[in-house]
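Analysis of the macromolecular model
So you can see what is in the structure, the chains are spelled out below.
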Amino acid sequence: MSQDDKQRVAEERAKRLKGFVGHTGWRYFALAMVIGGIGGFAFHLLRMPLAWMMGAAVFCTVAAMSGLPVGVNNRVRQVMMVILGVLLGSGFSPQMLEHMPKWAVTMVVLVAMSVASAASVWWLLRRRGGYDARTAYFAAMPGGLNEMVMLGSVYGANERTIALMHAVRILTVVTVIPFFYRLMYGTVSSVFQAAAAPSHSLRDVAILIACGVVGALIATRVRMPAGMMFGPMLASGIVHLLGWTASKPPGELVAFAQVIIGSAIGCRFVGAVLREVARDMVYGFLAAILLITVAVAFAQLGHYLSGLPTDDIALSYAPGGFAEMSLVGLALHADIAMVATHHLFRIFAIVFVGSWFFRRIVAPRLRQPPPMP
């Protein structure tokens, strides 16, 4: 084989392997699925809240930080996001339409909460942690992990620190909040209860598949954040509101999707050696607790101004990922449409406004020489 042929083969292989979280390779993906599946099943046996996602996340985090070669293919993860989006949309009901005008109030409070959250974490990382301004800024933004890492890399921040802190934030939130509700209310629905539905006819299956495919295509075409999940959720919500079907994806399929989502959270810790990243992880954990505290405080304000349930608002404000918090909301019987819409709005606002604020306000100040003593 000539050198050009070898290079072409290597490029084709790189294209096939591109898009992995953690190690790149299908055998590493298979290993992650085995570890994540064992973790999910163990948490399920222990009757843990949101067992399949949390168990996979915890077990894969331990595996990744122990040096095991685990990875999750992003394309497979995106397909699972479509399935979860269809499931979340099946939770829509006509009663939700009555509450939508009140969402304007809680979204205004959400904007104020996002500013307060970012400012408080910025203070923690900059003043107490001693992180550089660029890294502290994008690590403090309660936005999507991928979006913040990409923006941080553009503006010269430390990508690894940002990714690690946001991964710790998401892992902390999806672990702490379900356990808190379990302690407070005693029970949380399993994925099989959440996905319980009447038997599927061929018509129901066709409708659910169409919701996933059409919703994902439209959402990705218009470049909507979390489009592979939000588009199918919106399409599914519409057909369920219209009464065309009452079906949901089967619980076994949803459990498998949760294992992949949870395993992807854990695989983000690949390459993180505890003794080298302990400081970043500690500050990521402290930032997550601070963000949860701020979210709960502003949820009380949102409840006072809108009259909506405090629990629904708290889950809408919680600083987790879009997919993860939507699943938590499903397990806790929250208003799924409200939770998902608020998290999508938060990502939009932080990506656009946060990047503009850094470019126009923060970056020019960083280029200025320090004041004379």
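This write-up is about the structure you can find in this document. (Residues numbered from 1 in each chain as written. Predicted model: local features only at pLDDT ≥ 70, side-chain atom pairs only at ≥ 80, totals over all residues. Heavy atoms only, no water.)

**Details of helix α12 (residues 251–267)**
- With 17 residues, α12 ought to run about 24 Å at 1.5 Å a step, and its terminal C-alpha atoms sit 24 Å apart, in line with that.
- Across the 17 residues of α12, 14 count as buried, placing the element largely inside the fold. (Helix = DSSP H or I, 4+ residues; strand = E, 2+ residues; numbered from the N terminus. Expected span 1.5 Å × (residues − 1). Buried < 20%, exposed > 50% of the residue type's maximum accessible area, 1.4 Å probe, protein only.)

**Examining the nonpolar core**
- Ranked by internal contacts, the top residues of the largest apolar core, which has 92 residues, are V72, F138, M148, I177, F269, L315 and Y317.
- The greatest single-element share of this core, amounting to 12 residues, is contributed by helix α16 (residues 336–367).
- Every residue in contact with F269, bar those within four places of it in the chain, is listed here: T61, A64, M65, L164, A167, V168, L171 and M281.
- Membership of the second largest hydrophobic core comes to 11 residues, among which are A136, A139, A140 and L291. (Core = buried A, V, L, I, M, F, W, Y, C linked by side-chain atoms within 4.5 Å. Contact = heavy atoms within 4.5 Å.)

**Digging into helix α11 (residues 227–241)**
- The terminal C-alpha atoms of α11 lie 20 Å apart, and with 15 residues this matches the ideal 21 Å at 1.5 Å per residue to within 8%.
- All of the buried residues in α11 are G227, M229, F230, G231, P232, M233, S236, G237, V239 and H240.

**A few points about the packing of aromatic side chains**
- The full count for this structure, using the stated rule, is nine aromatic pairs.
- Ring geometry for F20 versus W26: centroids 5.5 Å apart, planes at 80°, classification edge-to-face.
- On the accessibility criterion, F20 (11% relative accessible area) is buried.
- Ring centres of Y137 and F138 lie 5.0 Å apart, and the angle between their planes is 80°; this geometry places the pair in the edge-to-face category.
- Overall, Y137 belongs to the buried group, its relative accessible area being 7%. (Phe/Tyr/Trp six-rings, centres within 6.5 Å; stacked < 30°, edge-to-face > 60°.)

**Comments concerning a nonpolar patch on the surface**
- A grouping of V205, I209, V213, V214, L217, I218 and V222 is seen on the molecular surface, where their side chains present a nonpolar patch of about 620 Å² in accessible area.
- With respect to the element layout, V222 can be found in the loop between α10 (202–221) and α11.
- The exposure class of V222 is exposed, given its relative accessible area of 53%. (Patch = residues over 30% accessible without salt bridge, like charges linked within 9 Å, V, L, I, M, F, W, Y side chains within 5 Å. Areas by Shrake-Rupley, 256 points an atom, 1.4 Å probe, with all protein chains shown as cover. Salt bridge = Lys/Arg side-chain N within 4 Å of Asp/Glu carboxyl O.)

**So, the packing of α10 against α11**
- At a minimum axis distance of 7 Å, the contact between α10 and α11 shows a crossing angle of 130°. Here α10 is positioned oblique relative to α11, judged by the angle of their axes. Note on packing geometry: the crossing formed by α10 with α11 is right-handed. Contacts between α10 and α11 involve I207, L208, C211, G212, G215, A216, A219 and T220 on the former and, on the latter, G227, M228, G231, P232, A235, S236, V239 and H240.
- Here the contact of α10 with α11 is built from residues that sort into nine nonpolar, seven polar and no charged. (Axes fitted to C-alpha atoms, helices over the stretch in contact; angles between N-to-C directions. Parallel < 35°, antiparallel > 145°, perpendicular 65-115°, else oblique. Left-handed = near helix turned anticlockwise from the far one by under 90°. Nonpolar A, V, L, I, M, F, W, Y, C, P; charged D, E, K, R; others polar.)

**Some words on the environment of A255**
- Mapped onto the elements, A255 comes out in helix α12.
- For A255, a relative accessible area of 6% corresponds to the buried category.
- Between the C-alpha atom of A255 and that of M53, which follows or precedes it by 202 residues, the distance is 7.8 Å.

**Describing the environment of S120**
- When you line up the elements, S120 lands in helix α5 (residues 95–128).
- Classification of S120 as buried rests on a relative accessible area of 17%.
- Separated by 167 residues in sequence, S120 and A287 have C-alpha atoms that sit 8.5 Å apart.
- Residues contacting S120, with those up to four places away along its chain left out, are L290 and V294.
- For S120, the side chain forms a polar contact with the main-chain oxygen of S117, separated by 2.8 Å. (Polar contact = N/O pair within 3.5 Å; in protein donor to acceptor, adjacent residues only side chain to side chain.)

**Here we look at the side chain of S117**
- Note that S117 resides in helix α5.
- Not counting chain neighbours up to four residues away, the residues in contact with S117 comprise P142, L291 and V294.

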